[in-house]
Amino acid sequence: MAEVAIRGVHKSYNKVPTVHGVDLSIADGEFVVLLGPSGCGKSTLLRMIAGLEEITAGEIAIDGTVVNALEPRERGCAMVFQNYALYPHMTVAENIGYALKVAGTRKPERRARVAAVAQSLGIAELLDRKPGTLSGGQRQRVAIGRAMIREPKVFLFDEPLSNLDAKLRAQMRIEIRRLHQRLGVTSVFVTHDQVEAMTLADRLVVLNHGRIEQIGTPTEVYRRPASRFVAGFIGAPAMNFLTGTLAADGRIAIGSGAGTPVTIGVRPDEIQLLDAPLKGTLDFEIELVEELGTGQVFYGRSGEMEMTVMRNGGGEAALPRSGQRLFLKIPMTCVHLFEVESGRRIDLPPSRLAAE
Amino acid sequence: MVERSPILNLISQLLLFLGLLSALLPFAIIAIAASHDLRTVNEVPMPLTPGPYFWDNIVEAWNRADLGPKIVNSIVFAAGVALGKVFIAALTAFSIVYFRYWGKMVVFWAIFITLMLPLEVRIVPTYAVAANVLSPYQALLDISGITWLVRQATGIEIALKWGLLNSYTGLILPLIATATGTFLYRQFFLTLPDELTEAARMDGAGAIRFFFDVLLPLSRTNMAALGTIMFVWAWNQYLWPLLVTTDAAHGTAVTQLKELIPQTNGTPDWHIAMAGTLIVMLPPLVVVIFMQRWFVRGLVAAEK
Ligand SMILES: Nc1ncnc2c1ncn2[C@@H]1O[C@H](COP(=O)(O)OP(=O)(O)OP(=O)(O)O)[C@@H](O)[C@H]1O
Ligand SMILES: [Mg+2]
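As annotated in an unreviewed UniProt entry, chain B is sn-glycerol-3-phosphate transport system permease protein UgpE from Dongia sedimenti. Per UniProt, chain B has the following entry under Sequence similarities (unreviewed entry): "Belongs to the binding-protein-dependent transport system permease family." Regarding chain B, the UniProt comment filed under Subunit (unreviewed entry) reads as follows: "The complex is composed of two ATP-binding proteins (UgpC), two transmembrane proteins (UgpA and UgpE) and a solute-binding protein (UgpB)."

Chain A has the name Sn-glycerol-3-phosphate ABC transporter ATP-binding protein UgpC in an unreviewed UniProt entry, where Dongia sedimenti is given as its organism. Per UniProt, chain A carries the Sequence similarities (unreviewed entry) text "Belongs to the ABC transporter superfamily."

Structure (structure tokens):
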């Protein structure tokens, strides 16, 4: 168990900068999830912690020791790969025990530890099989077992669940979380699946273009996204963004008007759908309806703007259909404001927001 | 796309059968010729039915050409070359695929270019080196003037000498480099996912460990295929063994066959020559049949 400190880490591939100065400190026993769109540098960051990728600038310390110049095996990290990366010619037992074999552990001890790990992952009866004969879920368990057996200081996961089907993924997610609760090992988990990220993380790190956009608990990141990017990236369906203005007295208006131009963000499930116009409502023409079972998602436009609205329940009553005109009420207490240029969040005291 | 029609099937079967027939015909003629006596084999045309002297001819050929020790030599030679090639090629490809070092591309292209320099083309320099492995260094010393300097200073003549003629080492060593084999391995190594290497690094395995624990076991079928091809290739070598083994004790079976070929004014005992040929053909055939299962898998598909 150990804390991990990442200080000003940069990475360039052939002079092309990919990670631009990441600072992150991970507490002992914490489960941190790195989340971001494809190509944002999540894997790169993880692999720099593992020692599989050189660090261009900055430093990474594990347990207080700067590990920049250390080989992967000396860092005390274990990694679970997306494609499992099991050795195809070795049995499950040999796969799990390989690290011990390399380390020169005696055979009886090795066998005992492999058996214990396999037991705890529920793969004891697979020990003599080759990886080629296992299902995806079983392979991933073996890969986790291979990481566990070394009793690492840090667990690194690079999208370990993305090759599994949805149901298995949900199940493995819970198992990984349980494992973490049981072992309490510091873990870094990379994913681009926000549900996975939200459910697993103690703390969430949202990355974009090789920079950290926000660090916080899943709730914080969802409730108070630090930037327009985070707001749009987290939450499904994605947040609506409208252009608007913020007046000096804190009044927010949609469309153009007096005051500073801002981007107004509002989550689809916080918009109210009305049959009749009220003061301050927007027209909404439905183009597409998605039935979710627990509710519906309506895609449509309000004047020039594309809007998404989500409604929970309401399956019984006559559904609004595409082509129908409805009215939207946006509760101004729920909106998020972002600077137009930088996309950074603008925080207003709640008292001022309430005045509408 | 797989076409399934009886007529097409018939035609392809027929074509294959014709191919097989034309491939087997020379062998049949050899076998038939080896079963007749001197008079019958020289009849024109030669009878196309086997005669009764097959075993006698085999024994005669075996004794006359002293094939016993020669076949042992051949087996040592061919197996040595095959194993050497398999191992050297694996190591070379390992270096080319898994390491980043200065001059890597130069090495790669140097190996590539040797594809254009088969043994027959470089036979003279190769022979010179085999006659004295140290001759290139001697040449360097001579050209750079060090030999002269030492002679002037001490009166000692530097003469480096390490000959390989008439030895197994001399037979085998100059032949074990193989560009083809290196590329076979290279292609195979490139198909292995990077994660496998990374997993091994995370597990603490160094380069050598990774090579022996992961790469070699995974390329078993490749090794079998390459080994078989190279065994047959080495077995059939004529020019090199002929040059290097001036001493008959080190001769190989294939070079020995010329002892059985009738001289211009000698008895035309082709039946003995054919019997000898049959004997010499046998060992590579056995190897191919024995390795076939592995061999085909190695050439056709990478194991999952
Ligand atoms: N070996 C490499 N050489 C050059 N560029 C690379 C290399 N590895 C990654 N990159 C680049 O670095 C950037 C970040 O890659 P990285 O693999 O970290 O993305 P990621 O966030 O893990 O994406 P994904 O979710 O698709 O896995 C990408 O633009 C990628 O093209
Ligand atoms: Mg990745």
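J.: Where do I start with the packing of aromatic side chains in this structure?
T.: Describing an aromatic ring pair means giving the distance of the ring centres and the angle of the ring planes. Following the criterion strictly, the structure yields 20 aromatic pairs over all chains and no others. Aromatic side chains A:Phe155 and A:Phe157 sit 5.7 Å apart centroid to centroid with 35° between the ring planes, which places their arrangement in the tilted category. Note on accessibility: A:Phe155 and A:Phe157 belong to one class, buried. Between B:Phe231 and B:Trp235, the ring centres sit 6.0 Å apart and the planes meet at 25°, which makes this aromatic pair stacked. Separated by 4 residues within a single helix, B:Phe231 and B:Trp235 lie in helix α13 (residues 220–235), roughly one turn from each other. Ring-pair connections join several aromatic residues into one group, and the members of that group are B:Phe94, B:Tyr98, B:Phe99, B:Tyr185, B:Phe188, B:Phe189, B:Phe210, B:Phe211 and B:Phe212. The ring of A:Tyr87 has A:Arg146 lying over it, and the distance from NZ or CZ to the ring centre is 5.0 Å. A cation over an aromatic ring shows up here: A:Arg228 above the ring of A:Phe241, its NZ or CZ 4.3 Å from the ring centre.

J.: What should I look at first to understand the side chain of A:Glu30 in this one?
T.: In this fold, A:Glu30 is placed in the loop between β2 (16–26) and β3 (31–35). Among all residues touching A:Glu30, those that are not within four sequence positions of it are A:Ser25, A:His180, A:Val185, A:Thr186, A:Ser187, A:Asp202 and A:Arg203.

J.: Got a minute to help me understand the nonpolar core in this structure?
T.: Nonpolar side chains tend toward joint burial in soluble globular proteins. Counting residues in each nonpolar core, the largest one holds 90 residues, and the members touching the most others are A:Leu34, A:Ile60 and A:Leu156. Residues A:Tyr84, A:Val114, A:Ile123 and A:Leu127 belong to the second largest nonpolar core, which totals 42 residues.

J.: Could you clarify how one ought to interpret a nonpolar patch on the surface in this entry?
T.: Residues and elements named next belong to chain B. Together, Ile7, Ile11, Leu15, Phe17, Leu18, Leu20, Leu21, Leu24 and Phe27 give the surface a local cluster of nonpolar side chains, amounting to about 920 Å² of exposed area. You can see Ile7 is positioned in helix α1 (residues 6–33). Take Ile7: its relative accessible area is 62%, and that puts it in the exposed class.

J.: What should I look at first to understand the site of ligand 1 in this one?
T.: Residue and element names in this part refer to chain A. Around ligand 1, a shell composed of Tyr13, Thr18, Pro37, Ser38, Gly39, Cys40, Gly41, Lys42, Ser43, Thr44, Glu159 and His192 is seen. Within the side chain of Tyr13, one N or O atom sits 3.3 Å away from a nitrogen atom of ligand 1. Within the side chain of Lys42, an N or O atom sits 2.8 Å from an oxygen atom of ligand 1. When ligand 1 sits alone it has 630 Å² of accessible area, and the protein chains cover 57% of it. With 3 residues, the top contributor of residues to the shell around ligand 1 is helix α1 (residues 42–50). When the residues that make up the shell around ligand 1 are grouped by side-chain class, the tally is 3 nonpolar, 7 polar and 2 charged.

J.: What is the right way to look at the interface of chain A and chain B in this model?
T.: Buried accessible area, meaning the area lost when the parts come together, often serves as the stated size of an interface. Taken together, the 26 residues of chain A in the interface contact 17 residues of chain B. The contact between chain A and chain B buries some 2000 Å² in all, and 57% of this surface belongs to carbon and sulfur atoms. When the buried area of chain A at its contact with chain B is split by residue, A:Tyr87, A:His89 and A:Tyr98 rank highest and sum to 26% of it. Our enumeration of links across chain A and chain B arrives at 1 salt bridge. Ionic pairing is found between A:Arg47 and B:Glu198, a salt bridge with its closest N-O pair at 2.8 Å. If you look at where chain A meets chain B, you find 10 residue pairs in polar contact (both at pLDDT 80 or more). Breaking the side of chain A that touches chain B down by element, the ones donating at least two residues are α1, α2 (72–75), β6 (77–80), α3 (92–103) and α5 (136–148) of chain A. Element by element, the count of residues in the side of chain A that touches chain B is highest for α3(A), at 4 residues. Classifying every residue of the side of chain A that touches chain B gives 15 nonpolar, 4 polar and 7 charged.

J.: Honestly, the domain arrangement of chain A in this entry has me stumped. Any pointers?
T.: All names here are of chain A. Annotation of chain A at the domain level lists domain 1 (4–226) and domain 2 (237–355). For domain 1 versus domain 2, the separation of C-alpha centres amounts to 39 Å. Counting residues at the interface gives 5 residues for domain 1 and 9 residues for domain 2. For the domain 1 and domain 2 pair, buried surface summed over both sides reaches about 520 Å², with 41% attributable to carbon and sulfur atoms. A per-residue breakdown of the area domain 1 buries against domain 2 is headed by Tyr222, Arg224 and Pro225, which together make up 73% of the total. Viewed at the interface, domain 2 and domain 1 are joined by 1 salt bridge. Across the salt bridge formed by Arg224 and Asp347, the nearest N and O atoms sit 2.6 Å from each other. Connecting domain 1 to domain 2 are 4 residue pairs in polar contact (both at pLDDT 80 or more).

Quick notes on the rules
- Residues numbered from 1 in each chain as written.
- Chains lettered and ligands numbered in written order.
- Predicted model: local features only at pLDDT ≥ 70, side-chain atom pairs only at ≥ 80, totals over all residues.
- Heavy atoms only, no water.
- UniProt positions renumbered as here; feature names shortened; annotations may be inferred.
- Phe/Tyr/Trp six-rings, centres within 6.5 Å; stacked < 30°, edge-to-face > 60°.
- Buried < 20%, exposed > 50% of the residue type's maximum accessible area, 1.4 Å probe, protein only.
- Helix = DSSP H or I, 4+ residues; strand = E, 2+ residues; numbered from the N terminus.
- Lys NZ or Arg CZ within 6 Å of the ring centre and 35° of its normal.
- Contact = heavy atoms within 4.5 Å.
- Core = buried A, V, L, I, M, F, W, Y, C linked by side-chain atoms within 4.5 Å.
- Patch = residues over 30% accessible without salt bridge, like charges linked within 9 Å, V, L, I, M, F, W, Y side chains within 5 Å.
- Areas by Shrake-Rupley, 256 points an atom, 1.4 Å probe, with all protein chains shown as cover.
- Salt bridge = Lys/Arg side-chain N within 4 Å of Asp/Glu carboxyl O.
- Near = heavy atom within 4 Å.
- Polar contact = N/O pair within 3.5 Å; in protein donor to acceptor, adjacent residues only side chain to side chain.
- Nonpolar A, V, L, I, M, F, W, Y, C, P; charged D, E, K, R; others polar.
- Buried area = accessible area lost by both parts, 1.4 Å probe.
- Domains from an automatic or database assignment.

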